[in-house]
Amino acid sequence: MDNKTLLEKLNSLSIEEKIGQLIQLTGDFFEGDMDTVVTGPLKKLGLNTDYNIYNTGSILNITNPEKIIRLQTDYLEKSVHKIPLLFMADIIYGYRTIFPIPIAQACSWNYEGIENAASIAAQECYEEGIHVTFSPMVDMVRDPRWGRVMESPGEDTLLAQKYAQSVVLGIQGSNLEDGAVPANKIAACVKHFAAYGAPVAGREYNAVDLSEHALREYYLPGYQAAIEAGAKLVMTAFNTLNGIPATGNEWLNRDVLRQEMKFDGVLISDYAAIEELIMHGYAEDETSAARLALLAGVDVDMKTAVYANQLKNVISGNDYMLELLNEAVYRVLQLKNDLGLFEDPFRGLQEIVKRSTSSILSDEHKQAALSLVEESVVLLKNENNVLPLSKETKVALMGPYAEENSTLGMWAIKGEQTDTINLKTGLLQLVGSDNLSVCRGSYLLPPDARETFDKYADKLAVETGSEEVLLQEAIRHANEAEVIVLALGESIYQSGEGGSRTNPTLPEPQLRLLHELSLLGKRIVLIVYSGRPLILTDVAGKVDAIVQAWYPGTMGGEALANILYGEVNPSGKLAMTFPRSVGQIPVYYNELNTGRPNLKENGSYRFASRYIDEVNEPLYPFGYGLSYTSFEYTLLTVSQKEMKTNESVDIRISVSNTGTYAGKETIQLYIRDKFASIARPVKELKDFKKVFLQSGETTIVEFSVDEDMLKFYGREMEYKSEPGEFEVYIGSSSQQILLSFSFTLLPEDKHE
Ligand code: GLC
């Protein structure tokens, strides 16, 4: 439909029909006869009884194609305006083919792989009738106590930007013709705007207090990258930002998002976030909440009655509010138009459901998931060359995650555990059972788990047998084996939304098992399943190897087996720091130097920025990850040691695989601005290259440092570089710096 016709459509709508387009409900509002709906969900949500559900604009989390066809058909028959429904869902890292959780994908540093994963998720969504997915989540995070680390791209701004761009392009495609979302693609919704990943104390939904500098320097670029990649929607965040709830924050959503970032798509609230303006103490009542949200540019009210019940009186007699309403409705109509819904409300679904084949869980999709898991797993420790294992080695596999299929993470709403290849299955597929024994060893969680799991309590693993029996069986298996492969982890319900933890460690029963096994003198390979960096300091000294598996998704067990037995050489690099202790949190690589840095040469000098009961360094730093082989870097050339703003410093290094295994290495380039009008971090990731090298092979890797990499937000929030000295660090992690040199950015007046 062309814009002129779209505008005519808008102008043809009544106030009630316009407001209806801004309402998002769940599918239960369209089940059963009208009496059932009115006395059931409609009453429960508090919608006025005269609300016409056939004015509703979109539906949340209906994902069954036949149901979508039925709902859309029924809706179009009964609605007066005949504007099709939008179907939106939380497909964050896979539909039925479940990929590693986003924090794991971020450890792959493989953005082609991440884009392909998003493309596959979009394909499977398209074939099931979903129009919009609430992904990518790009909330940068530095605090592993927060449960939604699992869904985030980690602690670094550049990785958040890369992740955001790759996922949006994978979901929507690139170079959209006149903004139209092509077949096999759907619309992406970047979230949660903004800085939801920085809650005070890592406590879910807690306040976010950030300087404008920190907000712009570290947290906003990820959302900006998604918008520049063409994201059709943005979702507001639950949190306050410096005292003002994001969902009612006019500066954030109109000045920054729409004016500065030039976002002209649909801004949807997070679940019930408009109504929560009242609980925040920011809106006096529903009428005020409706007015504040509309003034703040929120187009769609997800699952509350506020817009439906209040917008009509907020708008009456107020031309400006009517103008805001029309703008909001027009954006929703544009989104439906970009998806081609006016031409085909089903986007080909009626033909698709008749097909005998589907791409869902196809071999190609599963292979893509397998490859991404293999690149997302991080080898944190490997002493005594316990890894890779030999197929002749007698292995005792044990731990609650040995046979656990619930390794999809909390946001795999369509993932089926029955599709999952768990670790035992993966190992049996690869090496058979001759040299493999399997037992549980311990409970996953204490019987009287202190955590409260609310509605997830009945999804927790059901433990049978006594802990003592499990332990004795594990010790028997261990004594008969050469190597113990110990699969431990936090429950997926200790992670995800609402999953903040004050002490993010392995659960007590598992720590007891690990301790008892460590007394047997056997080599132990620990595999950690988690949605966040756990505190592993106490366990690291008791095992010979640590493999960080995250929640690896459908193909997890096969990928881990390939890594354990050396079919694949691990190459993951941490996208988030692993603290030594909770007391260090937040601990991250791009910190400021302070006026009294804790210099090694000063030993335990009292008056330095340090703790008296812990070292400053994390257990495992950002960018860290081991390989079965080794790599050597040599600095070859640096084009110049003085750079004008319109030039670049071009760097050539050679990288050699000096070990016996072929492998992938991610070479990381960091910059340090030695002196500026505000204190700058001790290092910042500015580029990286991932290479594959056969044993003995050498390759040339080139980097170019340009002025854009040197820019930052100054005192007046101007985004610019400043002349002066810069350090360049090139390394295999943020701590393992192997090459370094300095150069000077010349002031403009030196540009003779
Ligand atoms: C949730 C989440 C958001 C999700 C939405 C719809 O509370 O915060 O990420 O997309 O509600 O399920």
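Structure shown above.
Along every chain, residues carry numbers that run from 1 in the direction the sequence is written. In keeping with the predicted nature of the model, local features appear solely for residues at pLDDT of at least 70, side-chain atom pairs appear and are counted solely at 80 or more, and the whole-chain, interface and lining totals rest on all residues. The side-chain numbers reported here are obtained from all heavy atoms of the structure, hydrogens and water having been left aside.

Engineer: Describe the sheet that holds strand β17 (residues 631-638), with residues and values.
Structural biologist: Spatial ordering of the open sheet is given by β17-β19-β22, a layout of three strands whose pairing is antiparallel. Unpaired on one side and paired on the other, β17 and β22 (698-706) mark the two borders of the sheet. Across the sheet, the mean angle from the axis of one strand to that of its neighbour is 25 degrees, orientation sign disregarded. Relative to β22, strand β19 (residues 648-657) runs antiparallel, the two sharing nine bridges. Along β22, the bridge assignment pairs Val-649 with Val-705. Pairing between two strands is assigned when DSSP locates at least 2 bridges connecting them. Labels follow the DSSP assignment, with helices taken as runs of H or I lasting at least four residues and strands as runs of E lasting at least two, numbered in each case from the N terminus. Lines fitted to the C-alpha atoms define the axes, with helices restricted to the stretch that makes contact. Angles between their N-to-C directions range from 0 to 180 degrees.

Engineer: Give me the pattern of salt bridges: which residues, what numbers.
Structural biologist: Only one rule defines a salt bridge in this text: a Lys or Arg side-chain nitrogen within 4 Å of an Asp or Glu carboxyl oxygen. The tally for this structure, following the rule as stated, stands at 34 salt bridges. The partner of Asp-419 in a salt bridge is Arg-96, with the nearest N and O atoms 2.9 Å apart. With Asp-419 in the loop between β12 (395-398) and α16 (423-431) and Arg-96 in the loop between β3 (86-89) and α5 (102-106), the pair connects residues that are 323 residues apart, well separated along the chain. Between Lys-391 and Glu-567 there is a salt bridge whose closest N-O contact spans 3.4 Å. Taken together, the positions of Lys-391 in the loop between β11 (378-382) and β12 and Glu-567 in the loop between α20 (556-564) and β17 put the pair 176 residues apart, joining distant regions of the chain.

Engineer: Give me the lowdown on the nonpolar core, citing residues and values where you can.
Structural biologist: Grouped together as the largest cluster of nonpolar side chains are 232 residues, with contacts concentrated most on Phe-193, Tyr-307, Leu-387, Leu-486, Leu-536 and Leu-564. Put simply, a nonpolar core is a bunch of buried Ala, Val, Leu, Ile, Met, Phe, Trp, Tyr and Cys residues held in one set by side-chain atoms that sit within 4.5 Å of each other. Between buried and exposed lies partly exposed: a residue is buried under 20% and exposed over 50% of the maximum accessible area for its type, with that area taken using a 1.4 Å probe on protein chains only. Counting residues in hydrophobic clusters, the runner-up holds 24 residues, among them Val-655, Leu-669, Val-701 and Leu-710.

Engineer: How would you sum up the environment of Glu-725? Please name residues and give values.
Structural biologist: Along the chain, Glu-725 turns up in strand β25 (residues 724-731). The spacing of Glu-725 and Ala-676 is 49 residues in sequence and 9.4 Å in space, taken between C-alpha atoms. By the convention used here, residues are in contact when the closest approach between their heavy atoms is within 4.5 Å. Here Glu-725 is in contact with Arg-672, Asp-673, Lys-674, Phe-675, Ser-742, Phe-743 and Thr-744, once residues within four sequence places are set aside.

Engineer: Outline the pairing of β12, listing residues and values.
Structural biologist: Along any regular strand, the residues point their side chains to alternate faces of the sheet. Residues Val-395 and Leu-397 point to one face of β12 and Ala-396 and Met-398 to the other, with burial holding for every one of them. Here four bridges tie β12 to strand β13 (residues 436-439), and the two strands are oriented parallel to one another. Its bridge partner being in β13, Val-395 is matched across the sheet by Leu-436. By convention a crossover is right-handed if, when the strands point away from the viewer, the path from the first strand over the helix to the second runs clockwise. Running through α16, the crossover from β12 to the neighbouring parallel element β13 is right-handed. Inspection of the sheet shows β12 paired to strand β14 (residues 483-489) by four bridges, in the parallel sense. The partner of Val-395 across the bridge, within β14, is Val-483.

Engineer: A description of the packing of aromatic side chains should follow, citing residues and the corresponding values.
Structural biologist: A pair of aromatic rings is counted whenever rings of Phe, Tyr or Trp (Trp by its six-membered ring) have centres within 6.5 Å, and the orientation is called stacked for planes under 30 degrees apart, edge-to-face for over 60 and tilted otherwise. The tally for this structure, following the rule as stated, stands at 20 aromatic pairs. With a centroid separation of 5.0 Å and an interplanar angle of 85 degrees, the aromatic rings of Trp-109 and Phe-688 are classed as edge-to-face. Highlighted residues: Trp-109 in the loop between α5 and α6 (111-126) and Phe-688 in strand β21 (residues 684-693), separated in sequence by 579 residues. Each of the two residues, Trp-109 as well as Phe-688, counts as buried. Ring centres 5.9 Å apart and planes at 50 degrees place the aromatic pair Tyr-111 and Phe-688 in the tilted group. Remark: Phe-688 occurs in strand β21 and Tyr-111 occurs in helix α6; sequence separation between them is 577 residues. Residues Tyr-111 and Phe-688 agree in their burial class; the two are buried. Chaining the aromatic ring pairs together yields one cluster made of Trp-109, Tyr-111, Tyr-589, Phe-622, Tyr-670 and Phe-688. Above the ring of Tyr-588, the side-chain terminus of Arg-142 is found at 3.7 Å from the ring centroid. To sit over a ring, a charge needs its Lys NZ or Arg CZ within 6 Å of the ring centre and within 35 degrees of the ring normal. Sitting above the plane of the Trp-411 ring, Lys-191 keeps its charged end 5.4 Å from the centroid.

Engineer: Describe the environment of Leu-486, and please don't skip the residues or the numbers.
Structural biologist: Tracing the backbone shows Leu-486 in strand β14. Overall, the relative accessible area of 0% leaves Leu-486 in the buried class. Along the backbone, Leu-486 and Glu-727 are 241 residues apart, and their C-alpha atoms lie at a distance of 42 Å. What Leu-486 contacts, discounting residues up to four positions off in sequence, is Met-398, Gly-399, Leu-513, Leu-514, Leu-517, Ile-524, Val-525, Leu-526 and Ile-527.

Engineer: Now, about the site of the ligand: what can you tell me, with residues and values included?
Structural biologist: Taken together, 13 residues surround the ligand, and among them Asp-90, Arg-148, Lys-191, His-192 and Asp-270 come closest. Between N or O atoms, a polar contact is any pair within 3.5 Å; within protein, one atom must be a potential hydrogen donor and the other a potential acceptor, and residues adjacent in sequence are included only when both atoms are from side chains. Contacts to the ligand include Lys-191, whose side-chain N or O atom sits 2.9 Å from an oxygen atom. The side chain of Glu-497 places a nitrogen or oxygen atom 3.0 Å from an oxygen atom of the ligand. For the area figures, the Shrake-Rupley method with a 1.4 Å probe applies, and any residue is considered shielded solely by the protein chains shown. Calculation on the ligand without its partners gives an accessible area of 310 Å², and the protein chains cover 93% of this total. Polar here means any residue other than Ala, Val, Leu, Ile, Met, Phe, Trp, Tyr, Cys and Pro, which are nonpolar, and Asp, Glu, Lys and Arg, which are charged; Gly is therefore polar. Partitioned by chemical class, the residues of the shell around the ligand number six nonpolar, two polar and five charged. Here a residue is considered near a molecule or strand provided that any single heavy atom belonging to it is located within 4 Å of it.

Purely geometric stuff here, so don't read any function into it on its own.
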